Every structure is written in C-alpha cells, then in structure tokens.
Amino acid sequence: MNYQKILFTILSVGLSLTATAQSFKVDQSLISTPLTDSTNFSLLNSRLGSRFTFSLLNEKQSMQTGSLGFDMDEQTGLLIGLTVNQKTYCFRTTKLPRNASYFKNQQLRFGPTSMLLTGETPEGLKVNFTLISSFTSSKDLADSSAIKTQIFPGFYLQINVANESKTAVDCKLKVGIAKTPVKGFNFMSLEPMKPDNTEQTVLFKDNANLNGKLALTAIKTPAKGTFSDNGFGGLFYEFNLPQQANKEFNQIYATHHNHTVIEDKRVNLPLKFYYTHYWKSINEVLQYATENFEQNIRLTQKFEDSLMNGALTDQEKWVLALTFHTDLANTYFLLDEHKTARFYVSEGRFKHLSTVDVAHETEVSAIFCPWRLKLQLSQWTNYIARTELTVPANAVQNKPAYQQGMTAAEYGPYLYHDVGDLPFVSETANYNYGPHMAVEENTSFVLLLYYYWKISHDDAFVKSMLGTVDVLLQSVINRDTNGNGIADKAYGWTTYDANEALKLSPDNTFLGAKQLSAYAVAAEMFSALSNKAQVHAIDATKKGVVDGEGAGYKNMGVAVNNEGLRNKQALQFEKEANLILATLKKAQQKYGFIPVSLDEGFPKWNQRSVVIGEGLFLPGLVACKSPILQQLAAVLKKDYAATYAQSITDYGIKLTTQEGTTWFSKTIVADVVAAQWYGIKHSSAHYVYQWNKNSPYAYNDGLLKKDDVWIGYWYPRGISILGYWLIR
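What you see is a predicted model, and the numbers here were worked out from it, not measured in a lab.

Rules and cut-offs
Residues numbered from 1 in each chain as written. Predicted model: local features only at pLDDT ≥ 70, side-chain atom pairs only at ≥ 80, totals over all residues. Heavy atoms only, no water. Helix = DSSP H or I, 4+ residues; strand = E, 2+ residues; numbered from the N terminus. Rg over C-alpha atoms; globule rule 2.2 N^0.38 Å. Buried < 20%, exposed > 50% of the residue type's maximum accessible area, 1.4 Å probe, protein only. Areas by Shrake-Rupley, 256 points an atom, 1.4 Å probe, with all protein chains shown as cover. Lys, Arg positive; Asp, Glu negative; His and termini not counted. Charge placed at Lys NZ, Arg CZ, Asp CG, Glu CD. Contact = heavy atoms within 4.5 Å. Pairing = 2+ DSSP bridges. Axes fitted to C-alpha atoms, helices over the stretch in contact; angles between N-to-C directions. Polar contact = N/O pair within 3.5 Å; in protein donor to acceptor, adjacent residues only side chain to side chain. Salt bridge = Lys/Arg side-chain N within 4 Å of Asp/Glu carboxyl O. Expected span 1.5 Å × (residues − 1). Bend = angle between axes of the 7 residues up to and from the residue. Domains from an automatic or database assignment. Buried area = accessible area lost by both parts, 1.4 Å probe.

**Comments concerning the overall build of the protein chain**
At step 1: Within the protein chain, the regular secondary structure consists of 21 helices and 31 strands.
At step 2: Against the 2.2 N^0.38 benchmark of 27 Å for 728 residues, the protein chain shows a C-alpha radius of gyration of 27 Å, consistent with a compact globule.
At step 3: Expressed as lengths along the three principal axes of its C-alpha atoms, the size of the protein chain is roughly 80 × 70 × 55 Å.
At step 4: Put simply, the protein chain has 728 residues, and 61% of those count as buried.
At step 5: Split by element, the accessible area of the protein chain, about 27,100 Å² in all, is 51% carbon and sulfur.
At step 6: One way to put it: in the protein chain the 69 positive side-chain charges average out to a point 3 Å from where the 67 negative ones average out.

What follows is the structure in structure tokens.
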C-alpha cells in the first residue's frame, strides 16, 4: 500500500457506517494466549489522553483501574460470573469468589483497541467478554466528533453467552467490580442494594479523587438490577437461553476526574483532562457513551480491522496491538484555564514527559491524529536551552541542584530532553530534564516536524516553525569542529544509553546520518514553504491599528518576501548534508564498512551497527524522494546485510556487533528503514513476541544480554512497529 492510499484509508475510516448496531468482533485469527495459573502476561487497557485504565493482570487474577493512569491504579477484581444449574463460573479477572470455579479453556486475544476473553462451562455454554477502548482517526482539534470517540473516559464491555448444548438453560449473569458501591452524593456513604431493585448504574469510590466516582452502567439490554455481595458490587441479569441461542449484554465502565492532573511549571498553570471541555460530570460521560454506542462501536471496529487485516504476520499483529495499548496508556491530553490544549507522552516507568528522542518513534501513531504531534511540537519550543544556568536545590521535592543549558551559550540553543517531570512522581526526582542530548534532540525535532507536515499538509504551522528549525540546526552545525560535518563537540549523548559506543563516541556515524537526514528534509521544507509572492505591509495609519514593526516599515511598503533567505538556508543545509555523505563514503572506502565512530581512540569504535540509518525512518514512512537521502540509503545498504548477519543472537538483534544489548523498538525501526530504503525485508517481531508473550510488564523493550532484562517497563516507543503496517 503506497503512502497516498494509506492516508485515504485512514481518513475514510468511519465514513461508511452501517445502519444497524453490531457486536464488536475481535479477529479470531489473532494469536491466543491461554489464561492459566502460570500465565503472567499483563495488558494495559487505557483511553487516549484520559489516563483512565482497566488493565488485565493475569499474574494476580485481577484488573487494575484508576482515573489517573497506571501510576495511580488500584488493584481490584472484575467479576464476569455465570450461574448455571446452581454452579457459578467466572473469568480469571478476579480471585475466585466463594463457591465459584473458573471457566474452562480460558483464552485471551486482543487487537489495538480491544481485549477478548473466552471461556466455557461443563454444561456447554461459551462466554465471550470483550473490553473496547473506542478509537477512530481524527484530523485536527476541530474534528470534535472523532475526538470524542477517541477520548471519552469510558470503556465498553460486551458479554456474549452462547448455549451450544442440546437443552435450554436458565442463567444468571453477574458483572461486578470488587469494590463496595457508594451513593452518588457522598463518597463515604455506602449504597445499600435493596431486593428487587431495578437500578441500571452502580457507583464506586475513585481513590484518586475524594468525591469522584467510577460508574458501571447497563446499556442496550437492561439489567434485572444491582447487587452487592462477596465483596463485589455490580449488575445482574436473569434469562433463559434456548439451545443453540446466544444473548449479549452491554455495559459502560466510566470515570470523570475534574481536578488538576499536572502543574505546568513553565507557566504555573494547573492542567486538567481535555475531556472536561466536553463533559462536566460522570453523568454526562455516561449519557454520551450511551447515545453514541452504535457509532463508536462501528468506528472502532473499522479502525481495528484496518490495522489487523493487513499483510502483517501473526506475531507482528500481536506486537502492533500490544504496543498500541501501551501507547494509549502513556498519553496525557490536557487543558489549561485559558482553553489551551496540551498533549504529552510519558516515557514508560521513567515518566519523563514528551521526550523528543522517544517521540521520534512513538509519534508514528500521529498518522491517526496529527494534532497530538502538532501540540508537542509547539510545546517543545518552550523547552529550548539558550543559556547555561544552575537550578538551586529544592528540599520540598527532594531535588538537588542541577544544571540546565550546558554548552547552549557556546554552541547554540538545543531542546531539553523532555518537558519536565511530574510533581507527584518520586522516581524522577533527581533526573530533572534528563540527559544533555543537544544533537539528537534537535535533529529529531526537525524530522518530526517534517513528518507532521507530510501527514497533515499544515503548511501554515510548519512555515511558522522554520525560524526555530534554522536556529536548532545551526546549533548542530556548530558542533562539528573538525570539518567532516559530523558533531564531535558538545553533542551530549544519544538515546542509546545502554550501549557505550552509540551513546558517547565523537564523530558518531549514527548521529552523522541523522544530521544528514534532518538537513535534507529541512532543505525541502525551506524551499517549498518560502513566501514567494510580494506581500506588502498594511498601512496602519489607514487601518487604525498599531503597526508592531514601526512607522518606517509600514510607510515604506516593504514586501514580506523571504524566498531568497529560505533558499540560502536550504543551500546551507544541502551543503552540510553532502559533506556528511562524503565523509561516510570515505569511511566506507577506508575501513570496508562504516564503523560506529570515526574516532579511532574511542573504545570499540570499529563496530558495525544496524541502527545507523535511523534518521531515514520518518522520511521513509512519508515517501520522501530526496536525492541526497536516496544516496545515503545506497551507501548504507552496502554494509547493512553483513552488519545484520553479525548482529543476530537468539534473543534479538544486537545494536552493535561487539556489544550485547538489543533494543526491540530500535531494531524495528532498523527493519522499517531496511525495507523502505534498502529493499531488504526482515522482522524483529519474533523476538519482541517471545520476550513479551508472558511478561507482566509488556511492552518490555529490550535485553542487555540473554536473560538480563533492560528495565524499560511499559514503554510506549514500541509503537514504531506501525512502520511495518505503513510500508506493507
């Protein structure tokens, strides 16, 4: 599928809605995971940007849920219990209630937006439980209908009971949470469940919010009433099921958190969830979810089918689905009191917000909602180091003194590693803005801006950012002091912090190739987005407004035409790109391959690396035709097959040939680059699947060596596997 067809497919999802309601169908060909006592697999279930979670922890026979994300989750149980012939069976989403048994042959399948559990009773009944996190593509923030589908803080639950026996049976179904129901008006007041009540909603205390509530409500098919026993509160249904018949029951599990989520320390403003812009209470959330049930299910079904019905292998589909869940769980979509929207992605367990190097991989998913990347690009401009300063110690937050802006005054501005840590997370207390990554963060920003431009066609925004691009890339150019084009001073370190050569070596060819890629796409943006027409300034004296440029400017009729400037800047970037290309060619001729570093004094400088072409990743996904990038790809292709062969282990693809570290999301990026630019096809999905298929911390992103895990728990960056889908 070519790039234009992909965009058409994405934008057309949801335009051909069917007229009738339908059950959500998880693809039965997806890999199935048996749920047993030895299954440790966990699956993060979340809503985009709302941090509302309902995650499966089979290791503990439980669900974890909370309105502030998995950092603040509460372990609880979900009861999907079926009573037949006075015997009760349930899924392994809870510890066994008294006098109950688990369904036989329990299996887990999941797509990007869904989780399906199946089980059977000895009487011949099959039970399916599907959890749906609704999603569809949206173009921009004005696309409120699609955005509501993406972000409303609620899950749809569907339970289907099928009678495959030869006789009709009487059944009682209970759907409940291992929490005590409470009244709506007072969180301390327990809710007595009266006999024969016909209530359709049960409320539970939200431990993240003193007076907040979680709600479980029946939709479509009314419940017989509510119940509270054995530590569970919920809804129950009584029904007769004829032979070879089935019945479906639907619920909404929802929240509404209207308090501060994060404090923006740059402007000292509290940020709330963006969904509070649309819904002011949990009742409004439930009303929306109920009224839009059919539409949201159809849109989500079409979105999921578009990802899962492609040409990916079974294991690639499994990894794509898993990492989509993980990406959703790490997102914050927030709003300040001035109605300014913000979007952040948390760096897994390290909890940094919107790190630029991580975004280079995670924002592949912006293909489905470009606005999330646009918001981050805007935010990053507020986190540019321009001077070097020492931030004093903060005893209240247990932070020692630390430095910001190292080398910025001498070599030029650069982007901080992230946009600041969360005020309530102690794990990041002494890490602050993260490492000094002057070259990589600046180049990643440019590549992300280019990617956004191509998927959104938002010329006006990208044009407004070109001045920033020029400043950031000039800073990168300054850091080449030996004339070969590759940064050798004040580059900081790279994202490869588990591999010394890739992380710290001067004249790092990984950085050089990424610099080249950023220069090439910058040149294209500068050439295409210059102001070519003669645009004259407004005469403020006639318009009755103040001219901020001054009287001389307004009266002289100076044309706002920057074509000459932009062409000059583009030529400089093309010159730098060609300089690096020549350097890489010389190295290849000298050594017979391109080593990780051209500094022969750095330990293990002469390794090969499969990730050298990472800068080609995003340009390749949007079908960039830059001649200089085509030449770079041709040079890198000469080494890649041999480098890949030397990097294979039984636990993954090593990042460099002499060091054992593998990093799954990074080798996935290398796979995509190899396929898109080199015409070489292979997949790292097998290693990702093998390591994660029974992991309690999926997505787990790598190994230091065999059986020695790198602690990237719950990392969102594995969503880079979307690249497989985009190029196939």
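**Some points on the side chain of Q158**
At step 1: With respect to the helices, strands and loops of the structure, Q158 is situated in strand β12 (residues 154-163).
At step 2: Beyond its immediate stretch of four places on either side in the chain, Q158 contacts Q22, S23, F24, N128, F129, T130, I132, E248, F249, N250, F293 and I297.

**Re the sheet that holds strand β8 (residues 100-102)**
At step 1: Taken together, 6 strands build an open sheet; the order of strands is β8-β7-β6-β13-β17-β16 and the sheet is mixed. The open sheet terminates on both sides in strands that have one partner only, identified here as β8 and β16 (225-229). Between one strand axis and the next, the sheet turns through 30° on average, direction left out of account.
At step 2: Note that strand β13 (residues 169-177) and strand β17 (residues 232-241) share 9 bridges and pair antiparallel. If you follow D170 over to β17, its bridge partner there is N240.

**Focus: the environment of F70**
At step 1: Position of F70 among the secondary structure elements: in the loop between β4 (62-66) and β5 (74-76).
At step 2: C-alpha of F70 to C-alpha of T53: the two residues are 17 residues apart in sequence and 6.7 Å apart in space.
At step 3: In contact with F70, other than residues within four places in its own chain, are L44, R51, T53, A329, N330 and W714.

**A short note on the pairing of strand β6 (residues 78-84)**
At step 1: Most of β6 sits out of view: 6 of its 7 residues are buried.
At step 2: As paired strands, β6 and strand β7 (residues 87-90) are joined by 4 bridges and run antiparallel to one another. Within β7, the residue paired with G81 across the bridge is C90.
At step 3: Here β6 folds back onto β7 in antiparallel fashion, the turn holding 2 residues, of which N85 has a positive phi close to 50°.

**Let's talk about the side chain of T649**
At step 1: For T649, the location among the structural elements is in strand β27 (residues 648-649).
At step 2: From its side chain, T649 meets the backbone oxygen of G652 in a polar contact 2.7 Å long.
At step 3: Every residue in contact with T649, bar those within four places of it in the chain, is listed here: K654 and Y687.

**Here we look at the pattern of salt bridges**
At step 1: Considering all chains together, one arrives at 21 salt bridges under this definition.
At step 2: Here E361 ties to R717 by a salt bridge, and the two come within 2.9 Å at their closest N and O atoms. Of this pair, E361 sits in helix α6 (residues 356-362) while R717 sits in the loop between β31 (708-709) and α21 (722-727); the two residues are 356 residues apart in sequence, bridging distant segments of the chain.
At step 3: When its relative accessible area of 0% is taken as the criterion, E361 is described as buried.
At step 4: Linking K590 and E600 is a salt bridge whose minimum nitrogen-to-oxygen distance equals 3.4 Å. You can see K590 sitting in helix α16 (residues 563-591) and its partner E600 sitting in the loop between α16 and α17 (617-621), a full 10 residues away along the chain.
At step 5: According to the relative accessible area criterion, E600 is partly exposed, its value standing at 44%.
At step 6: Salt bridges linked by common partners bring D357, E361, E440, K514, E614, K666 and R717 together as one network.

**Overview of the pairing of β4**
At step 1: When you tally the buried positions in β4, you get 5 out of 5 residues, the bulk of the element.
At step 2: As paired strands, strand β3 (residues 53-57) and β4 are joined by 5 bridges and run antiparallel to one another. Across the sheet, the residue bridging to F54 is T65, located in β4.
At step 3: Taken together, β3 and the strand that follows it, β4, pair antiparallel across an intervening segment of 4 residues, in which Q61 is found at a positive phi of about 45°.
At step 4: Where β4 lies against β5, 3 bridges are found, and the strand directions are antiparallel. Within the sheet, the bridge partner assigned to Q64 lies in β5 and is Q75.

**Brief notes about helix α18 (residues 627-647)**
Two residues of an α-helix separated by three or four positions point the same way, owing to the 3.6 residues in each turn.
At step 1: The terminal C-alpha atoms of α18 lie 29 Å apart, and with 21 residues this matches the ideal 30 Å at 1.5 Å per residue to within 8%.
At step 2: At Y640, α18 shows its strongest bend, of approximately 40°.
At step 3: Of the residues making up α18, those classed as buried are I628, L629, L632, A633, V635, L636, D639, Y640, T643, Y644 and S647.
At step 4: In this structure, the buried residues of α18 make contact with α13 (509-528), α16, α17, β27, β28 (652-656) and α19 (664-678).

**Overview of unusual backbone geometry**
Most peptide bonds adopt trans geometry, and most residues besides glycine take a negative phi value.
At step 1: Along the chain, A698 connects to Y699 via a cis peptide bond; the corresponding omega equals 0°.
At step 2: Notably, R51 is not glycine yet its phi reads approximately 60°, a positive angle.
At step 3: Using a relative accessible area of 0% as the deciding quantity, one classes R51 as buried.
At step 4: Even without glycine at this site, N85 takes up a positive phi of about 50°.
At step 5: With respect to the helices and strands, N85 occurs in the loop between β6 and β7.

**Considering the sheet that holds strand β30 (residues 702-705)**
At step 1: One open sheet accounts for 5 strands, arranged β27-β28-β29-β30-β31; its pairing is antiparallel. Each having just a single partner strand, β27 and β31 make up the two edges of the open sheet.
At step 2: Helix-sheet contacts for α19 involve β28, β29 (659-663) and β30, and the interaxial angle to β29 is about 80°.

**Remarks on the domain arrangement of the protein chain**
At step 1: Looking at the protein chain, the domain boundaries give domain 1 (33-305) and domain 2 (310-727).
At step 2: Relative to domain 2, the C-alpha centre of domain 1 lies at a distance of 37 Å.
At step 3: Taken residue by residue, the interface counts 48 residues in domain 1 and 45 residues in domain 2.
At step 4: Counting each side, the surface lost to burial between domain 1 and domain 2 is near 4,200 Å², with a carbon and sulfur contribution of 64%.
At step 5: Sorting the residues of domain 1 by area buried against domain 2 places L44, I262 and R266 first, and these three jointly supply 15% of that buried surface.
At step 6: Between the two partners, domain 1 and domain 2, sit 1 salt bridge.
At step 7: Across the pair R342 and D264 runs a salt bridge whose closest N-O atoms are separated by 2.9 Å.
At step 8: Where domain 1 meets domain 2, there are 19 residue pairs in polar contact (both at pLDDT 80 or more).
At step 9: If you list the elements that add at least two residues to the side of domain 1 that touches domain 2, you get β2 (42-43), β9 (104-111), α2 (144-151), β19 (262-264) and β20 (269-273).

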